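Spelled out from the first residue to the last, the chains are:
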Amino acid sequence: MTSYPVASIDLAALQHNLNHIKQLAPNSQVISVIKANAYGHGTLEVAKALDESDAFAVARLSEGMQLRRAGIKHKIVLLEGVTTVEELQLAADYDLSLVFHHQSQIELLEQTDLVNPLSFCWLMIETGMHRLGFSVNDADEVLAALETSKAIVGPVGLMSHFANADLVDDPRNQQQMTAILAITEDDHSISMANSAAILSFPVSHQQWLRPGLMLYGVSPFADKTAADLDLKPVMQLKSVLTAIQNIEAGEQVGYGGDWTATKDTLVGTVSIGYGDGYSRQLSNVGQVSINGKLVEVLGRISMDMICIDLQASPSAKIGDEVVLWGNEQLSVELVAKLANTIPYELMCQVSTRVAREYHYGQS
Ligand SMILES: *Cc1c(COP(=O)(O)O)cnc(C)c1O
């Protein structure tokens, strides 16, 4: 029995998207990015379904430790590295790979005696994002320091991150690429490409890809759908109709009375709210899908409930399923646009109160 609300996760779609990435970049290896609870999809289930990845990446130590404790054997890269000696020790104990982006992290290496050295480490280079990383001019020196440190075994790769990869043909992408390629002519691996770059900027593929969003079947581009890109949406967020009211012209719906009926209206109540991560920014502008019809959200989003306009679905009854996003009619990209945000945020926000249900193919 399904208990609503539920995020229904199609692991076959996830695997399709990974295979599609491999076809797009057959000469590169894939670091699947599963930070932030795998973009809300559930870290461990996603990691297991993405077993064919060459490595995983998460943002933080706690996320990496969770994967190791669950028995995941892949390489795991901590994209933010660590900030204390204790964290460095734990990262080494858990066989987690680090991104080094700041001098303070190099100093930690010098202060710590690691029993098990780190491997598969990366040097983050600042090429235009101005968030994390060493300057291009310091790269050779820091690379040498890392590779001669007894705390690290094996080669250290070069990593950087695009600030504008979703803007296809933006000259800043080529500038960032040129910057990292200028660093070294020897055999250091390079990892640049996030989803948008994988899809639109083949020069950026290099040795290691870092897809996140596209694994989950979501388009990074404003003017292209997932289907245009041969991606299959992984998450469908669903709940249920719990009440139906007839309201009269002039009556108001929800907190603050932000929506007023201009004629007699059939109003449905759905069990989902901002307490489930359904964005309050969808107040009065959201749409949901019920019985094959797209209908409007009326008034403000409450913590546990929303109200919807049932004019277009007059035969709807209590217990009917309501899709908040993720079917053919209503993509998470569209809902993000209505909420004036990005699909990343909507998916990450789906709270722990929402059950995750896993299946392969149609549920
Ligand atoms: C989150 C993240 C990614 C994945 O980006 P997508 O746009 O989701 O593909 C790649 N690299 C880094 C450093 C990240 O933080």
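Residues numbered from 1 in each chain as written. Predicted model: local features only at pLDDT ≥ 70, side-chain atom pairs only at ≥ 80, totals over all residues. Heavy atoms only, no water.

Caption draft 1: Structural context of the overall build of the protein. When helices and strands are tallied, the protein shows 11 helices and 18 strands. Seen along its three principal axes, the alpha-carbon backbone of the protein occupies a region of about 75 × 40 × 40 Å. Classification of the 363 residues of the protein by burial places 54% in the buried group. In the protein, once contacts between residues fewer than 6 apart in sequence are set aside, the share between residues at least 24 apart is 63%. Looking at the protein as shown, the accessible area adds up to about 16,300 Å², and 49% of this sits on carbon and sulfur atoms. (Helix = DSSP H or I, 4+ residues; strand = E, 2+ residues; numbered from the N terminus. Buried < 20%, exposed > 50% of the residue type's maximum accessible area, 1.4 Å probe, protein only. Contact = heavy atoms within 4.5 Å. Areas by Shrake-Rupley, 256 points an atom, 1.4 Å probe, with all protein chains shown as cover.)

Caption draft 2: Main features of the packing of aromatic side chains. Within the structure shown, the criterion is met by six aromatic pairs. Relative to tyrosine 216, the ring of tyrosine 39 has its centre 4.7 Å away and its plane inclined at 25°; by these criteria the two rings are stacked. Here tyrosine 216 lies in the loop between strand 9 (208–209) and strand 10 (235–247) and tyrosine 39 lies in helix 2 (residues 35–39), a separation of 177 residues in the sequence. Relative accessible area serves as the criterion here: at 6%, tyrosine 39 is assigned to the buried category. An aromatic cluster is built from Tyr39, Tyr216 and Tyr344, whose rings are joined through pairwise contacts. When the ring centre of phenylalanine 120 is taken as reference, the NZ or CZ atom of lysine 75 above it lies at 5.2 Å. (Phe/Tyr/Trp six-rings, centres within 6.5 Å; stacked < 30°, edge-to-face > 60°. Lys NZ or Arg CZ within 6 Å of the ring centre and 35° of its normal.)

Caption draft 3: Spatial organisation of helix 5 (residues 85–93). Among all positions of helix 5, only Leu88, Ala91 and Ala92 are buried. The arc enclosing the buried residues of helix 5, seen along the axis, measures out at 95°, which places them on a common side. One or two steps after helix 5, the chain reaches aspartate 95, where phi turns positive at roughly 55°. (Arc of directions from axis to C-beta.)

Caption draft 4: Just the domain arrangement of the protein, in detail. Domain assignment breaks the protein into domain 1 (10–218) and domain 2 (233–357). Computed over C-alpha atoms, the centres of domain 1 and domain 2 are 37 Å apart. Listed by partner, the interface residues are 14 residues for domain 1 and 10 residues for domain 2. Buried surface at the junction of domain 1 and domain 2, summed over both partners, amounts to about 1,100 Å²; 67% is from carbon and sulfur atoms. Where domain 1 touches domain 2, the interface holds zero salt bridges. Between the two partners, domain 1 and domain 2, sit three residue pairs in polar contact (both at pLDDT 80 or more). Elements that contribute at least two residues to the side of domain 1 that touches domain 2 include exactly helix 1 (11–24) and helix 2. (Domains from an automatic or database assignment. Buried area = accessible area lost by both parts, 1.4 Å probe. Salt bridge = Lys/Arg side-chain N within 4 Å of Asp/Glu carboxyl O. Polar contact = N/O pair within 3.5 Å; in protein donor to acceptor, adjacent residues only side chain to side chain.)

Caption draft 5: Main features of the pairing of strand 2 (residues 29–33). Where burial is concerned, most of strand 2 is hidden: four out of the five residues are buried. The sheet contact formed by strand 2 and strand 9 spans two bridges and is parallel. For valine 30, the partnering residue across the bridge sits in strand 9 and is leucine 209. (Pairing = 2+ DSSP bridges.)

Caption draft 6: Representation of the site of the ligand. Around the ligand, the neighbouring residues are Val33, Lys35, Tyr39, Leu79, His161, Asn194, Ser195, Arg210, Pro211, Gly212, Leu213 and Tyr344. One of the side-chain N or O atoms of tyrosine 344 is found 2.7 Å from an oxygen atom in the ligand. Against a free-state accessible area of 390 Å², the protein chains account for coverage of 91% of the ligand. Across the shell around the ligand, the residue classes break down as six nonpolar, four polar and two charged. (Near = heavy atom within 4 Å. Nonpolar A, V, L, I, M, F, W, Y, C, P; charged D, E, K, R; others polar.)

Caption draft 7: Structural context of empty space enclosed by the protein. Going through the model one piece at a time under the given rule, you end up with one cavity of 30 Å³ or more. Approximately 50 Å³ is the volume attributed to the largest cavity. Contributing to the lining of the largest cavity are Met124, Ile125, Glu126, Thr127, Met129, Arg131, Leu132, Ser160, His161 and Gln176. Considered class by class, the residues forming the lining of the largest cavity number four nonpolar, four polar and two charged. (1 Å grid on protein atoms, 1.4 Å probe; cavity = no way out; pocket = protein on both sides within 12 Å on 5 of 7 lines; lining within 4 Å. Points joined across faces, edges and corners; volume = space filled by probe spheres on them.)

Caption draft 8: Highlighting the side chain of histidine 74. Checked against the element boundaries, histidine 74 lands in the loop between helix 4 (61–69) and strand 4 (75–78). Classification of histidine 74 by relative accessible area gives buried; the value is 15%. A polar contact is formed between the side chain of histidine 74 and the backbone oxygen of aspartate 51, at a distance of 2.8 Å. Excluding anything up to four places from it in sequence, histidine 74 contacts Leu50, Asp51, Ser53, Asp54, Phe56 and Arg68.

Caption draft 9: Focus on the pattern of salt bridges. On inspection of all chains with the given rule, the structure shows seven salt bridges. Between glutamate 321 and lysine 238 there is a salt bridge, with the nearest N and O atoms lying 3.7 Å from each other. Residue glutamate 321 is found in strand 17 (residues 321–325), and its partner lysine 238 is found in strand 10; the two are separated by 83 residues along the sequence. Glutamate 321 sits in the partly exposed class, given a relative accessible area of 32%. Shared partners join several salt bridges into a network, and the residues in it are Asp276, Asp304 and Arg353.

Caption draft 10: Just helix 4, in detail. Listed in full, the buried residues belonging to helix 4 are Leu61, Glu63, Gly64, Met65, Leu67 and Arg68. Where the residues of helix 4 are buried, they touch helix 2, helix 3 (43–49), strand 3 (55–58), strand 4 and helix 5. One or two steps after helix 4, the chain reaches glycine 71, where phi turns positive at roughly 90°.

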